[in-house]
Every structure is written in structure tokens, then in C-alpha cells.
Amino acid sequence: MSEPQPAIAAFAPRKFVTRRGPDPKQERSARTRLLVLTAASELFAEQGFRHTSVKDVADRMKMTKGAVYFHYPSKEALAVAVVEEHYARWPALLEEVLTEGYGPLETAEQMLARAAVSFRDDIVVQAGARLQIERPHIDAELPTPYIDWTELLASLLVAARDEGQVREGVSPEAAARSLVSAFFGAQHISDVLRGRADVVERWTETSELLFHAIRAH
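All values reported here derive from a predicted model rather than from experimental measurement.

In this structure, what is going on with the packing of helix α5 (residues 104-121) against helix α6 (residues 123-133)? I would like to understand it.
In a packed pair of helices, the relevant descriptors are the angle between the two axes and the axis-to-axis distance. Relative to each other, α5 and α6 sit at 90°, their axes nearing to 6 Å. It follows that α5 is roughly perpendicular to α6 by the angle criterion. Of α6, the residues touching α5 (which contributes Ser-118, Phe-119, Arg-120 and Asp-121) are Ile-123, Val-125, Gln-126 and Ala-129. Residue composition of the contact of α5 with α6, by class: four nonpolar, two polar and two charged.

Looking at this structure, I do not really get the packing of aromatic side chains. What am I missing?
Two numbers describe a pair of aromatic rings. These are the distance of the centres and the angle of the planes. Under the criterion given, the structure shown has ten aromatic pairs. With a centroid separation of 5.9 Å and an interplanar angle of 25°, the aromatic rings of Phe-44 and Phe-49 are classed as stacked. We note that Phe-44, like Phe-49, is buried. Through a chain of ring-to-ring contacts, the aromatic side chains of Trp-90, Phe-119, Tyr-146, Trp-149, Phe-183, Phe-184 and Trp-203 assemble into a single cluster. Over the ring of Tyr-72 we find Arg-33, and its NZ or CZ is 4.5 Å from the ring centre. The ring of Phe-49 is capped by Lys-75, whose NZ or CZ atom sits 4.2 Å from the centre of that ring.

Whenever I open this one, a nonpolar patch on the surface confuses me. Can you help?
Residues Ile-189, Val-192 and Leu-193 make up a contiguous nonpolar surface patch of roughly 330 Å² in combined accessible area. Note on placement: Ile-189 falls in helix α8 (residues 172-194).

Before we go on, may I ask you to explain the UniProt feature "DNA-binding region" (unreviewed entry) in the protein chain in this structure?
Under the UniProt annotation, the feature "DNA-binding region" (unreviewed entry) is placed at residues 53-72. In the segment residues 53-72, helix accounts for 75% and strand for 0%; the C-alpha atoms at its two ends are 12 Å apart.

Help me understand helix α7 (residues 147-162), please; the structure alone is not making it clear to me.
Every α-helix carries 3.6 residues per turn, so stepping three or four residues along brings you back to the same face. Across its 16 residues, α7 extends 23 Å between first and last C-alpha, which sits within 8% of the 22 Å expected from 1.5 Å per residue. If you follow the buried residues of α7, they end up packed against α4 (75-99), α5, α8 and α9 (199-214). Residue Gly-164 follows α7 closely and has a positive phi angle near 80°.

Help me understand the confidence of the model for the protein chain, please; the structure alone is not making it clear to me.
Atomic detail in the predicted coordinates should be set aside for any region of low pLDDT. Of all residues in the protein chain, 90% attain a pLDDT of 70 or more, and the chain-wide mean is 91. Predicted confidence is poor over residues 1-5, with pLDDT under 50, and the contacts of this stretch with residues over four places away or in other chains come to zero contacts.

How should I be thinking about the pattern of salt bridges in this particular structure?
For the structure shown, the criterion picks out 15 salt bridges. The closest approach of N and O atoms between Asp-198 and Arg-194, which form a salt bridge, is 3.9 Å. Connected through salt bridges with shared partners, the residues Arg-194, Asp-198, Arg-202 and Glu-205 form a single ionic network.

I tried to follow α6 on my own but got confused; where do I start?
The buried fraction of α6 amounts to eight of the eleven residues, a majority that puts the element mostly inside the structure. Of all the residues in α6, the buried ones are Val-124, Val-125, Gln-126, Ala-127, Gly-128, Ala-129, Leu-131 and Gln-132. Among the structural elements, α1 (27-47), α4 and α5 are those in contact with the buried residues of α6.

So, how was this worked out
Residues numbered from 1 in each chain as written. Predicted model: local features only at pLDDT ≥ 70, side-chain atom pairs only at ≥ 80, totals over all residues. Heavy atoms only, no water. Axes fitted to C-alpha atoms, helices over the stretch in contact; angles between N-to-C directions. Helix = DSSP H or I, 4+ residues; strand = E, 2+ residues; numbered from the N terminus. Parallel < 35°, antiparallel > 145°, perpendicular 65-115°, else oblique. Contact = heavy atoms within 4.5 Å. Nonpolar A, V, L, I, M, F, W, Y, C, P; charged D, E, K, R; others polar. Phe/Tyr/Trp six-rings, centres within 6.5 Å; stacked < 30°, edge-to-face > 60°. Buried < 20%, exposed > 50% of the residue type's maximum accessible area, 1.4 Å probe, protein only. Lys NZ or Arg CZ within 6 Å of the ring centre and 35° of its normal. Patch = residues over 30% accessible without salt bridge, like charges linked within 9 Å, V, L, I, M, F, W, Y side chains within 5 Å. Areas by Shrake-Rupley, 256 points an atom, 1.4 Å probe, with all protein chains shown as cover. Salt bridge = Lys/Arg side-chain N within 4 Å of Asp/Glu carboxyl O. UniProt positions renumbered as here; feature names shortened; annotations may be inferred. Expected span 1.5 Å × (residues − 1). pLDDT = per-residue confidence, 0-100.

Okay, here's the thing in C-alpha cells:
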């Protein structure tokens, strides 16, 4: 009989309070809603919340403002929807990694490595990150960032410690906080200096150092 798997603190569901458009029931409506969300993500990532208007989104979509308002009744609703989609990426990524059968320490490494790819390639992830930075300017409830990542990594490192994968004297909680600080610092610096073009390479460098310090030898 296989050993029970240790509990992993997964990402909490994210649903924020704001006025929303209708829930799309028809495939065409759902597809249009997704296209609007993608256009808004591109604009939020490029120029931020304050410098993006619903008209900008409508112009990029070549549709009327009224058509955008049908799906998202305010700019705040658009921002919230983008942030929700940003947060929805991480549970899906965790499920993907877990199905591949890595141990807990390797799961932590894979999660961060693949998150770096998402920050480089996924416009929704990029937009969500910028909107979180601009939280003071958005009149809507957004979550406090970094907490879920810290809890997930801490739970994985506790499991790794219990399997003898973590160097003696390393605190899983402190290591998790260090990994989160390093990862989000690396992606932010890469964004400022290179538009995240080199975020995967910069995180690989940092990851090798940190996991070398964490891993039992």
C-alpha cells in the first residue's frame, strides 16, 4: 500500500467583489468575453490601469464601448477579471506539475521555473502582476499578493524535509519566504530592464543558488 501524500497548501480560489457583466451562456458570448479580456490584458500590461480606458479596449477590439460594457460594466470589472485569470493560472500549473509525479522539492523547483515562463510568455500573467502593483489606484478589492505562493512553497518544503531532501537547519518557512522574495524580485527586475525577455534565464541562475542552499547534500 502506498504511503499517504503530505498535505500541500494549494492556492485558494480567488473571486473578488465587483459589479460584473452577465455570465456568458452561449459559446459565442464566452469567446467574445475572452477576447475582450485578452485585449484588456494587453493594454493593462503595456500602459497600466490609469492610462487604459474602456474606449482603448473597445478600439483594440474594433467594437463599441457599449459592447465592452455589456461584458464588463466598468474598467474596474475588467481589471478584476484579469487578476482573477492571473490567479487561476497557478492552481492549473500546480495540477500539471503534480500529475508528472515529482517529489516535493522538485515540485517546488518546477512550479517556480514554469511560473517564470508564464511571466515571460503569458500576457494575462503580466497584466495581473502590473495591476497588483497599481492596487492603490484601482477602486476594487484585490488580494494581497505573495501569500499563496509562500504557503504553497512552505508546505512543499515541509514535505521535502520529512523525506530528508532539505539540508539540516533549513527552516521550510524561511526558505519559502526567501524563494518568493527572490522569484518576484527577479521577475520585476527582468521586467524593468528587459521587458521580461530574460526572466527565465535570470530565475534559473537564482534558483540554482537557492535550491543548492536548501537541498540536503
